[in-house]
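Listed below are the residues making up each chain.
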Amino acid sequence: MEILTLPHGSLHWNPDLTSRWTAIAALSGRPDPFSCTPAWQLAFHDAFAPRRRLFIHADAGNVLAFAEMMLTSGHILLAPLESHWISASPLLGPEAAELFVHALPGLAVFYNGRLPCFLIGGLEEDSTLIPRISRSTGGLFRLMKQPLSLQRSASLEDGMDGYLSRRSGNFRSKMKKAHRRAAERDIRFERVIPSTPEQADVIYARMTAVEEKSWKGRDHCGMTEPPSLEFYRSMIRRLSLYRGGRVMFAVHEGRDIGFIFGGVAGQFYRGQQFSYDADWKAFSVGDLLQLEQISWLCEEGVLRYDMGMSDHPSMAYKTHWAEMELSLHAWLLVPQLLHSAC
């Protein structure tokens, strides 16, 4: 077990660890593989809770990654590094349950003989992880199922033609008209994959410049506001370590009027943000960026587009773009010796 406190030193920019952790996340079978990567998890830690102690261990095929939280009850809770949406799983790999059980004695020593509570989220509905932990620990924990969350996803397995065949006729007609109008105004689309943190900073500055001109920027509720500003900056910089970022700009006469941004983990893409200059609303720039991004992903052989959480009414637009709804499950593990719940 590797116990890390700030400053994290080589962890943040260790290419070998980044590569291994990302590969394990991509193969994990979790409902949201990208959110299990260090690009997402450490970016959240950087922006939202940088003073937490981290417990991270990664071997050839498994990852354990928890962050320490203090509850109002006074109990310690070890939670996923990304502890807001809880879309990330802190345990990845075929032997993740065994890795967790093996770590318990060391954690008990670290906490002076008293195990903390654990929050394990980001799990698929039929995951065997929690039952395996329960069997291996012999009833050491009281298991408390937490409310599930929902995520929208679209299959890209049969390419762009297959993707469009699953959209409505009205959707396809609307997109054709939007493409024609964009071409008439000479709106072009530029693809970018940042390959260094320095290049990521330049691209991010272009993105935030567009965001400032969008309705979100004008209402001060978008990614130009802290801590979102730091979250996505950290994420795109981390993605540059393995060329995992995918950014597309809509450009008119040399000026950026829109962007879309996300990241890949193996054959999965997770959308993050898209925005456009509010003065160009009539030209469906946001919709066109989505469709152009999907076309790019299909060319690269990406098999699924994850669009993130879909629980809130404001996320209803995702139903037009993504036909699948996946559930993410979480469990609270409370040591039986504790007399009150975490």
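Computed from a prediction, not measured in an experiment: that's the story for all the values here.

Caption draft 1: Quick look at the pairing of strand S13 (residues 304-309). Of all six residues that make up S13, six are buried, and the element is covered over most of its length. Where strand S8 (residues 149-155) lies against S13, five bridges are found, and the strand directions are antiparallel. The partner of Arg152 across the bridge, within S13, is Gly308. Here strand S12 (residues 268-276) pairs with S13 via three bridges, running parallel.

Caption draft 2: Spatial organisation of unusual backbone geometry. Note the cis peptide between Pro226 and Pro227, where omega equals 0°. Turning to its location among the elements, Pro227 is positioned in the loop between helix H8 (215-218) and helix H9 (228-239). Even without being glycine, Asp186 reaches a positive phi, approximately 60°. If you trace the backbone, Asp186 turns up in the loop between helix H6 (169-184) and strand S9 (187-192). Assessed through its relative accessible area of 36%, Asp186 is described here as partly exposed. Positive phi values are uncommon outside glycine, yet Arg243 reaches one of about 55°. For Arg243, a relative accessible area of 47% gives the class partly exposed.

Caption draft 3: The arrangement of the pattern of salt bridges in detail. Counting across every chain of the model gives 20 salt bridges. Residue Glu323 is joined to Arg166 by a salt bridge in which the shortest nitrogen-to-oxygen separation is 3.3 Å. Of this pair, Glu323 sits in the loop between S13 and strand S14 (324-335) while Arg166 sits in the loop between helix H5 (159-165) and H6, placing them 157 residues apart in sequence. Judged by its relative accessible area of 31%, Glu323 is partly exposed. Between Lys174 and Asp287 there is a salt bridge, with its nearest N and O atoms 3.4 Å apart. Here the residue Lys174 occupies a position in helix H6, and Asp287 occupies one in helix H10 (residues 285-300), the gap between them amounting to 113 residues. Among the ionic contacts, a cluster of salt bridges with common partners joins Asp158, Arg166, Arg167 and Glu323.

Caption draft 4: Seen up close, the nonpolar core. Counting 31 residues, the largest nonpolar core has Leu156, Val285, Ile294, Tyr305 and Trp321 as its most contacted members. Among the elements that take part in this core, H10 stands out by supplying eight residues, more than any other. With residues near it in sequence (within four places) discarded, Ile294 still touches Leu156, Met160, Tyr163, Tyr305 and Trp321. Tyr204, Met235, Ile236 and Phe249 belong to the second-largest nonpolar core, a separate cluster that totals 27 residues.

Caption draft 5: A look at the pairing of strand S3 (residues 63-70). Within S3, six of the eight residues are buried, leaving the element largely enclosed by the surrounding structure. Where strand S2 (residues 54-58) lies against S3, five bridges are found, and the strand directions are antiparallel. Within the sheet, the bridge partner assigned to His57 lies in S3 and is Leu64. Pairing of S3 with strand S5 (residues 91-92) involves two bridges; the strand directions are antiparallel. Among the inter-strand pairings, Val63 is bridged to a residue of S5, identified as Leu92. Both S3 and strand S4 (residues 76-80) contribute to a ladder of five bridges, which runs antiparallel. Paired with Met69 across the bridge in S4 is Leu77. A loop of five residues connects S3 with S4, the two strands running antiparallel in sequence, and Gly74 in this loop sits at a positive phi of about 95°.

Caption draft 6: Focus on helix H1 (residues 15-26). Across its twelve residues, H1 extends 16 Å between first and last C-alpha, which sits within 8% of the 16 Å expected from 1.5 Å per residue. Among the residues making up H1, those that are buried are Leu17, Thr18, Trp21, Thr22, Ile24, Ala25 and Ala26. Here the buried face of H1 lies against helix H2 (38-48), S2, S3, S5, strand S11 (255-265) and S12.

Caption draft 7: Local environment of the environment of His179. Within the secondary structure layout, His179 lies in helix H6. Sequence separation between His179 and Leu291 is 112 residues; the distance between their C-alpha atoms is 9.9 Å. In contact with His179, other than residues within four places in its own chain, are Leu288, Leu291 and Glu292.

Caption draft 8: Representation of the packing of H6 against H10 in the model. Their axes nearest at 10 Å, the elements H6 and H10 cross at an angle of 105°. By the angle between their axes, H6 is roughly perpendicular relative to H10. On the side of H6, the interface is formed by Phe171, Lys174, Met175, Ala178, His179 and Ala182, while H10 contributes Asp287, Leu288, Leu291 and Glu292. Split by residue class, the contact of H6 with H10 holds six nonpolar, one polar and three charged.

What counts and how
Residues numbered from 1 in each chain as written. Predicted model: local features only at pLDDT ≥ 70, side-chain atom pairs only at ≥ 80, totals over all residues. Heavy atoms only, no water. Buried < 20%, exposed > 50% of the residue type's maximum accessible area, 1.4 Å probe, protein only. Helix = DSSP H or I, 4+ residues; strand = E, 2+ residues; numbered from the N terminus. Pairing = 2+ DSSP bridges. Salt bridge = Lys/Arg side-chain N within 4 Å of Asp/Glu carboxyl O. Core = buried A, V, L, I, M, F, W, Y, C linked by side-chain atoms within 4.5 Å. Contact = heavy atoms within 4.5 Å. Expected span 1.5 Å × (residues − 1). Axes fitted to C-alpha atoms, helices over the stretch in contact; angles between N-to-C directions. Parallel < 35°, antiparallel > 145°, perpendicular 65-115°, else oblique. Nonpolar A, V, L, I, M, F, W, Y, C, P; charged D, E, K, R; others polar.

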